[in-house]
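Fold and contact review
Read off the chains here:
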Amino acid sequence: MLEKNSKSKKKKTSSNGHAKAPFVLRPDCLRVLDEANRPNTKVEPKLSKEVLIRMYRQMQMTRFFDERGMLLQRQGRIGFYVPSFGQEAIQIGTSAALKQNDWIFPSYREPGVFISRGASLFEMLCNLWGNASDVCKGRQMPVHYSFSDLRLFSVSSPISTQVIQAVGASLASKIRKEKDVAITYFGDGGTSENDFHTGLTFAGVMKTPTVFICTNNQFAISVPTAKQTAAERIADKAIGYGMPGVAVDGNDVLAVYAATQEAVDRARRGEGPTLIECVTFRMGPHSSSDDPTRYRDSKMYDAWAKRDPIQRFRQYLEGKKLWDAKKQEELEKELKATLAEAVEKAEKEPAPSIETLFEDVYEQPTAQLLRQQEALQKEQELRGKFENTSEAFPL
Amino acid sequence: MANLTLVQAVRDALLTEMTLDPRVVLMGEDVGLNGGVFRATEGLQKEFGEDRVMDTPLAESGIIGLACGMAVNGMKPVPEIQFMDFIFPAFDQIVSEVAKLRYRSGGGFTCPMVIRTPYGGGIKGGHYHSQSGEVYFTHTAGLKVVVPSNPYDTKGLLIAAIRDPDPVLFMEPKRLYRSVKGEVPEEAYTVEIGKAQVVRPGKDVTLIAWGAMVPVCLKAAELCEPRGADCEVIDVRTLVPLDEETILESVRKTGRVVIVHEAQKTCGFGAEISALISEEAILSLEAPIVRVTGLDTPFPYTLEHIYLPDPERVALAVGKVKNF
């Protein structure tokens, strides 16, 4: 369910600096697939058939999950959603290069990273409802997943806070002489934040095993990359922090995998951090509350739509005789059924109980919290049900 | 027992816990080779190595963000913010991340750490080396806020904070770093977080203070004695979670209250304590609650001795509530 903003009649002028050029992938980007989706065998990663197909399945599941998330929001069944349409190759390509013990510090637009690590679809969906089976007990907006047993760090809304935290987690591993690395995700807008700067500064100085993934999808809500930085390439920022920086075609899962694998290997060998800029395009809205036709030229969308990362990878697999229309049909059926089952189950879960409001503020509730809880219980007894007076986000 | 200054008690607590627990790591600006600008970490890098006592780049948000990630991955960080006035670049990491992590992850992730920071005036530090920023943090669910006033409590509370499962902001009254000395046991011990202490019993007026205002209140109590007011002085020690019982018990006895803090008056923590007393003990009150605080101005340099509450100003307030 990609945004159909190509149908939009509104055309933005380019006078305000908004992106204007029709699509040309920057020539500096590492790529395995060319525009006809043929692999460059010199840089093509050697992955087993099983791994390739697993990656494809995960990309496809990420797309279906996003489509479902947006649909549930449009149907009024959940309050909010953040899709990652067009960014599946980055999520799955990076994840595939990780070991299960590596730390992941995601942003809010990485459902595929959670899917790839093995997070339960049911629990992810429960997060969208914020219900009693949501790991976060309904305390955050949808898509702010957290899976501590999978080393998938809790998603925050403030931008790039996770970047420096990933450095800390990887420093702890380094001090204990463990081989785990930490990977962290942020957008092009995120590179303007203080925590991007401190994160890369500290990682460079402390030579931590950290891999920084910048998903340059060219827009931070409505603001184009040209208004975030005057640097020609985000990858170039790496030099200022004393680490390698590479740019890759973010719609080429094999290129993303190859770059990440190299960075992860470097980190594991104790050779320090790497910044990877994955150049892509946010095919959907920023979130279910956003209308990209207000600020985005449909030509850009059309050009990138021809480079859909899932289609490109499928063609590659078909070229290797690993995929065909029948397999695709079966896969779609299977994944959609799995998802539908999880949706049905998650939607039936009740809201979290009132007592959960007071849990996890501290390990043990303070006397003040206990008294407030008691007062709330008495209020409930007195007035019965609480009326839900919330307006829809963001009005 | 050793006779230590307050800053030596800080160092002693760190040394003690680092020896006992290899997960404890220190980080901050100048804390390594230089031992901190106040020497609170003197010699610790030599003792424990650069992996455990880290000189970081000069970025407070980075220091706290780094500590957050380390805590998530099993370490016990004790980051130092060189002066509390410099904590604000780290406000987002402290308030949005460190304090909320347990809650927002449903208890899945925690980041116990102790953020040590010298605070307060009276050292000719001007307004960027003198502020008392406690209420920015007492207003944040998920943080504990501890302020010792003497060397014994400093060591005991700091060890308790390091062992605490939740993040603690540990505010060190730098005016008292070298001006107070006291007996401090050499072994590890804790002073319970969340317990106030009556440091001077009295029957007429309750003085409530923390950190560097505790000795000011004790001196004020001495001034008041010949003037006919027997003051009880409470050292709050922990602002969050607040020991309400110790405060209320004293108020029920005296019926008269003066709250003293360095920070400016409006929305200062004195307002919270005052509200608590009105909610829980209004029928015990014999006089309005009076606050003696800093002014609602930025912290001054030359006239800081006039800005800051001193024993005479507290004694005047005591006279006011006594004679109401």
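Note that the structure is a prediction, hence the values are computed from the model and not measured. (Residues numbered from 1 in each chain as written. Chains lettered and ligands numbered in written order. Predicted model: local features only at pLDDT ≥ 70, side-chain atom pairs only at ≥ 80, totals over all residues.)

**Let's talk about the overall build of chain B**
Counted only if it meets this: Where helices and strands are cited, they refer to DSSP runs of H or I of at least four residues and of E of at least two residues respectively, numbered from the N terminus. Exposed residues have 12 or fewer other C-beta atoms within 10 Å of their own C-beta, buried residues have 20 or more, and partly exposed residues fall in between, where C-beta atoms are placed from the backbone.
A count of helical and extended segments in chain B gives 12 helices and 14 strands. Taken along the three principal axes of its C-alpha coordinates, chain B extends 60 × 40 × 40 Å. When burial is assessed residue by residue, chain B has 60% of its 324 residues classed as buried.

**Describing the sheet that holds strand β7 (residues 274-279) of chain A**
Residues and elements named next belong to chain A. Here is the rule: Strand pairing is assigned whenever DSSP detects at least two bridges linking the two strands. Axis definition: a line fitted to C-alpha atoms, over the contacting stretch in the case of helices. Angles run 0 to 180 degrees between N-to-C directions. Contact between two residues is assigned when their C-beta atoms, built from the backbone, lie within 7 Å.
Reading across the sheet, the five strands line up as β1-β2-β3-β7-β6 and stay open at both edges, with parallel pairing between neighbours. Whereas interior strands pair on both sides, the edge strands pair on one side only; in this sheet they are β1 (103-105) and β6 (245-249). The average angle at which neighbouring strand axes cross in this sheet is 20 degrees, direction not considered. Direction of pairing for strand β3 (residues 210-216) relative to β7: parallel, over a ladder of six bridges. Residue pairing across strands places Thr215 opposite Cys278, the latter belonging to β7. Together, β1, β2 (182-187) and β3 form the strand contacts of helix α5 (residues 161-175), whose direction differs from that of β2 by roughly 175 degrees.

**Side note on the pairing of β7 of chain A**
All names here are of chain A. Stated precisely, the cut-off is as follows: Assignment of crossover handedness uses the view with strands pointing away from the viewer, where a clockwise path from the first strand over the helix to the second indicates a right-handed crossover.
The element β7 is extensively covered by neighbouring structure, given that six of its six residues are classed as buried. Of the two faces of β7, the one holding Thr274, Ile276 and Cys278 and the one holding Leu275, Glu277 and Val279 are both buried throughout. Inspection of the sheet shows β6 paired to β7 by five bridges, in the parallel sense. Of the residues in β7, the one forming a bridge with Asp249 is Val279. Crossover connection from β6 via helix α8 (residues 253-268) to parallel β7: handedness right-handed.

**Here we look at the sheet that holds strand β10 (residues 205-209) of chain B**
Within a beta sheet, neighbouring strands are joined by backbone hydrogen bonds and run either parallel or antiparallel to one another. All names here are of chain B. The sheet built from five strands is open, its strands ordered β9-β11-β10-β13-β14 with mixed pairing. Edge positions in the sheet fall to β9 (197-200) and β14 (290-294), since each has one partner strand and no second. Within the sheet, the average angular offset between the axes of one strand and its neighbour, ignoring direction, is 25 degrees. Sheet topology note: the β9/strand β11 (residues 231-235) ladder contains three bridges and is antiparallel.

**As for the domain arrangement of chain A**
Quick reminder of the rule: For the domains described, the bounds stem from an automatic or database domain assignment.
Once the domains are mapped, chain A shows domain 1 (24-347) and domain 2 (354-383). Taking only C-alpha atoms into account, the centre of domain 1 of chain A sits 38 Å from that of domain 2 of chain A.

**Quick look at the interface of chain A and chain B**
The criterion, for reference: Three classes are used: nonpolar for Ala, Val, Leu, Ile, Met, Phe, Trp, Tyr, Cys and Pro, charged for Asp, Glu, Lys and Arg, and polar for all others, with Gly counted as polar.
Tallying the contact residues gives 37 residues for chain A and 35 residues for chain B. When residues of the side of chain A that touches chain B are traced back to their parent elements, those giving at least two are α5, α6 (194-206) and α12 (367-383) of chain A. Examining the composition of the side of chain A that touches chain B, we find that 11 residues originate from one element, α5 of chain A, more than from any other. A per-class count over the side of chain A that touches chain B returns 17 nonpolar, 14 polar and six charged.

**Thoughts on the pairing of strand β5 (residues 114-119) of chain B**
Residue and element names in this part refer to chain B. The element β5 is extensively covered by neighbouring structure, given that six of its six residues are classed as buried. Residues of β5 alternate between two faces, with Val114, Arg116 and Pro118 on one and Ile115, Thr117 and Tyr119 on the opposite face, all of them buried. Of the strand pairs in this sheet, β5 and strand β7 (residues 168-173) are connected by six bridges, and their pairing is parallel. Considered in β7, the bridge of Thr117 is made with Met171.

**Looking at the confidence of the model for chain B**
As a reminder, the rule being used: A residue's pLDDT is the confidence the predictor assigns to it, expressed on a 0 to 100 scale.
Confidence in the prediction of chain B, expressed as mean pLDDT, is 98, and 100% of residues score 70 or more. Quick note on the complex model: pTM equals 0.95, ipTM equals 0.96.

**A look at the packing of helix α1 (residues 49-74) of chain A against helix α11 (residues 325-347) of chain A**
Residues and elements named next belong to chain A. Let me state the cut-off plainly: Here is the rule for angles: anything less than 35 degrees is roughly parallel, anything more than 145 is roughly antiparallel, 65 through 115 is roughly perpendicular, and the remaining ranges are oblique. The hand of a helix crossing depends on one turn: near helix anticlockwise from the far one by less than a right angle means left-handed, and clockwise means right-handed.
Direction vectors running N to C along α1 and α11 enclose 45 degrees, while the axes themselves pass 10 Å from each other. Looking at the two axes, α1 sits oblique to α11. Of the two elements, α1 crosses α11, and the hand of that crossing is right-handed. Within the contact between the two elements, α1 uses Arg57, Gln60, Met61, Phe64, Phe65 and Arg68 and α11 uses Leu331, Leu335, Lys336, Leu339 and Val343.

**Some thoughts on the nonpolar core**
To keep it simple, the criterion reads: Defined on buried residues, the nonpolar core groups Ala, Val, Leu, Ile, Met, Phe, Trp, Tyr and Cys residues joined through C-beta atoms within 7 Å.
Ranked by internal contacts, the top residues of the largest apolar core, which has 199 residues, are Ile276 of chain A together with Leu207, Cys217, Val258, Val260, Val314 and Val318 of chain B. Of all the elements, α8 of chain A adds the most residues to this core, at 10 residues. The residues touching Val318 of chain B, leaving out its near neighbours within four places in the chain, are Val205, Ala220, Cys224, Ala229, Cys231 and Val258 of chain B. Core analysis: the next-biggest nonpolar cluster, separate from the first, contains six residues, Phe281, Met300, Tyr301 and Trp304 of chain A among them.

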